[in-house]
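# Close look at the chain arrangement
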Amino acid sequence: LGRRRVRRQLLEVGAEHLAFRGSELAQFCTLLLGHQAPEAERAALERVTDGWAALLVLAAPYLESAGQTALDTFATGDTALYDYLAAEVLDTLPAEIRQETLEASLLPRLGPESIAPELLRTLDRRRLLIRAEDGVTRVFHPLLAEFLRQRLKEERGEEAYRQLCRKVGEQLLAAENWADAFPLLREAGNWDMIADWLEAQAERHPFRHWLRILPEQLLHTRPLLALRRGNGHLDAGEYPEAEKILLL
């Protein structure tokens with residue numbers, strides 16, 4: 001394959017070529033639904049499935065039954081989606097890389113610096129990865145990543161899964177990648193580490209979302225975070241919420 005690739009004798013068809021987008025997605029939706037879907041629904045369908053044909057087929061009934069808002073339900077645990085990804089993806093992996101693949105689903109980016117190069121090449125060859133926004137590193141398809149995490153939790157158990165989330169979250173936080181670390185630390189229930197990081201930052205604006213969702217009992221012992229959260233409510237004109245927090 002390497003020699004044929006160098007000689008330009010190899011035609012490679014990847015996920016970016018097979019994905020249904022734009023006018024192709026519009027035609028595909030018409031075939032699936034029997035009518036032309038509104039542009040907003042097509043955009044939502046493309047966002048959730050990334051144009052993956054099999055996922056489009058599975059997700060289309062959600063549009064028919066309840067519109068684009070129902071796609072979130074599909075993305076977070078549809079039984080047919082789960083069965084498809086189990087049979088067509090996870091169960092086809094060699095046993096020696098299956099567990100590594102499950103654990104790799106916790107990583108926000110996949111590259112030689114984060115997973116074994118051979119595993120990266122195997123996943124790439126099997127077309128299980130898509131390019132990240134930087135065009136260089138790889139990520140799992142979001143629906144596939146969510147499925148792999150759920151399976152990892154089922155097979156390892158809640159406590160072991162939380163420990164893995166904490167381990168990866170701590171590594172990301174050590175690299176100052178808080179945006180990817182915080183969701184994993186939340187999954188691990190480690191709000192104290194998130195709070196410690198937030199307290200150490202001079203600015204509150206990049207962290208507004210996380211300040212808003214911190215458990216309220218945590219704010220009783222962290223007056224600086226309570227003040228920042230209250231000020232965030234004031235900035236948004238949410239005066240009752242601000243008063244409630246600032247009077248803690």
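Read on for a plain summary of the structure. (Residues numbered from 1 in each chain as written. Predicted model: local features only at pLDDT ≥ 70, side-chain atom pairs only at ≥ 80, totals over all residues. Heavy atoms only, no water.)

### Describing the packing of helix α8 (residues 95–104) against helix α10 (residues 142–156)
α10 packs onto α8 with a crossing angle of 115° between their chain directions and a minimal axis gap of 8 Å. As α8 packs across α10, the resulting crossing turns out to be left-handed. Contacts from R98, Q99, T101, L102 and E103 of α8 reach α10 at L148, R151, L152, E155 and R156. When grouped by side-chain class, the residues that make up the contact of α8 with α10 number three nonpolar, two polar and five charged. (Axes fitted to C-alpha atoms, helices over the stretch in contact; angles between N-to-C directions. Helix = DSSP H or I, 4+ residues; strand = E, 2+ residues; numbered from the N terminus. Left-handed = near helix turned anticlockwise from the far one by under 90°. Contact = heavy atoms within 4.5 Å. Nonpolar A, V, L, I, M, F, W, Y, C, P; charged D, E, K, R; others polar.)

### Side note on helix α3 (residues 22–33)
Over its twelve residues, α3 extends 16 Å from the first C-alpha to the last, a length consistent with the 16 Å expected when each residue adds 1.5 Å. Taken together, the buried positions of α3 are occupied by L25, A26, F28, C29 and L33. The buried residues of α3 all sit within an arc of 165° when viewed along its axis, so they share a single face. Exposed residues on α3 whose side chains face more than 90 degrees from its buried face are S23, Q27 and L31. Downstream of α3 by one or two residues, G34 has phi in the positive range, about 85°. (Expected span 1.5 Å × (residues − 1). Buried < 20%, exposed > 50% of the residue type's maximum accessible area, 1.4 Å probe, protein only. Arc of directions from axis to C-beta.)

### Regarding helix α11 (residues 158–174)
Relative to the 24 Å expected for 17 residues at 1.5 Å per residue, α11 spans 24 Å between its end C-alpha atoms, a close match to the ideal helical length. Buried residues of α11: Y161, L164, C165, V168, G169, L172 and L173, and no others. For α11, the buried positions fall inside an angular range of 165° around the axis, keeping them on one side. Those residues of α11 that are exposed and aimed more than 90 degrees away from the buried face are K167 and A174. On its buried side, α11 packs onto α8, α10, α12 (178–187) and α13 (191–200). Just downstream of α11, E176 is the residue with a positive phi angle, here 65°.

### Observations regarding the environment of F147
Relative to the helices and strands, F147 is located in helix α10. Taking the C-alpha atoms as reference points, F147 and S105, 42 residues apart in sequence, are found 8.9 Å from one another. Among all residues touching F147, those that are not within four sequence positions of it are Y82, L85, A86 and L90.

### What about the nonpolar core?
With 67 residues, the main nonpolar core has F140, F182, L198 and L214 as its most contacted residues. Residues contacting L198, with those up to four places away along its chain left out, are F182, F207, W210, L211, L214, L225 and R228. (Core = buried A, V, L, I, M, F, W, Y, C linked by side-chain atoms within 4.5 Å.)

Purely spatial values, then, with no claim about function.
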